[in-house]
Structures are given as structure tokens and as C-alpha cells.
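The residues making up each chain are set out below.
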Amino acid sequence: MPEEVLFKSESGQTREEIASYLHSVAEKFEQGDAVTLKSGSESVTIEPPARPTFEVKAEREGPTDGPSKLSIEFELEWDENGSEGDVGSDQLEIE
């Protein structure tokens, strides 16, 4: 299935700045509101369903014999027709 990027923003941020963005998204989710992402003249508003699929990944990218990059990725996914995400059996814990 082809992927269409509706919005993308990438920039260096402090941990505190990133936490502020994540808190803002968390508040929107708790309130059941849509989430609007803006950067410059670009903007997109999305309205996640009550139960999207939540995927968390920790990755190491790069050559085996050289320096690599580490990442934590958080992804929310659902069908555009309004269907809720798949229900997984594993419970995520963050310590």
C-alpha cells in the first residue's frame, strides 16, 4: 500500500520541548479532541478514533561496523473509514 505523507516536521529539540509537545497531544487525546499539527504554512488536522492502534518501537539504525542512530518511535494508526485499530494482547509498560 503506498504511503502519502500528509505532514512532516523534523528539528532538534530539547527533552523539555519534546515533553511539552507530547503533553499537548496527550491532553487532546484525553479530551477526545482532534489534533492539529502546524509548521510554517503547513497544517493538518486529524481526528483519531477512541481506540487507535498504538505502536512503540525502539530501533538502532546504521552499519554494523560503524556508528549507529538510536530512536524511539510512537505511532498511532487507524483506518481512515473510522474503524478502530487492532487490539493487541501485550500490555505496554514504560518505566
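Preceding this section is the structure that the text describes.
Conventions we followed
Residues numbered from 1 in each chain as written. Predicted model: local features only at pLDDT ≥ 70, side-chain atom pairs only at ≥ 80, totals over all residues. Heavy atoms only, no water. Patch = residues over 30% accessible without salt bridge, like charges linked within 9 Å, V, L, I, M, F, W, Y side chains within 5 Å. Areas by Shrake-Rupley, 256 points an atom, 1.4 Å probe, with all protein chains shown as cover. Salt bridge = Lys/Arg side-chain N within 4 Å of Asp/Glu carboxyl O. Helix = DSSP H or I, 4+ residues; strand = E, 2+ residues; numbered from the N terminus. Phe/Tyr/Trp six-rings, centres within 6.5 Å; stacked < 30°, edge-to-face > 60°. Buried < 20%, exposed > 50% of the residue type's maximum accessible area, 1.4 Å probe, protein only.

Caption draft 1: Structural context of a nonpolar patch on the surface. A cluster of nonpolar residues, Val-25, Phe-29, Phe-54, Val-56, Ile-72, Phe-74, Leu-76, Leu-92 and Ile-94, forms a patch on the protein surface that exposes about 820 Å² of accessible area. Counting only elements with at least two residues in the nonpolar patch, the list comes to helix H1 (15–31), strand S3 (53–61) and strand S4 (69–77). In terms of residue count, the dominant contributor to the nonpolar patch is S4 (three residues). In this structure, Val-25 sits in helix H1.

Caption draft 2: Just the packing of aromatic side chains, in detail. If you walk through the whole model with that rule in mind, you get one aromatic pair. Residues Phe-54 and Phe-74 carry aromatic rings whose centres are separated by 6.4 Å and whose planes lie at 10 degrees to one another, so their mutual orientation is stacked. Linking Phe-54 in strand S3 with Phe-74 in strand S4, this pair joins segments that are 20 residues apart in sequence.

Caption draft 3: The arrangement of the pattern of salt bridges in detail. Within the structure shown, the criterion is met by three salt bridges. Salt-bridge contacts for Glu-55 lead to Lys-57; the nearest nitrogen and oxygen are separated by 3.7 Å. Judged by its relative accessible area of 31%, Glu-55 is partly exposed. One salt bridge connects Lys-57 with Glu-59, and the closest N-O pair in it is separated by 3.6 Å.

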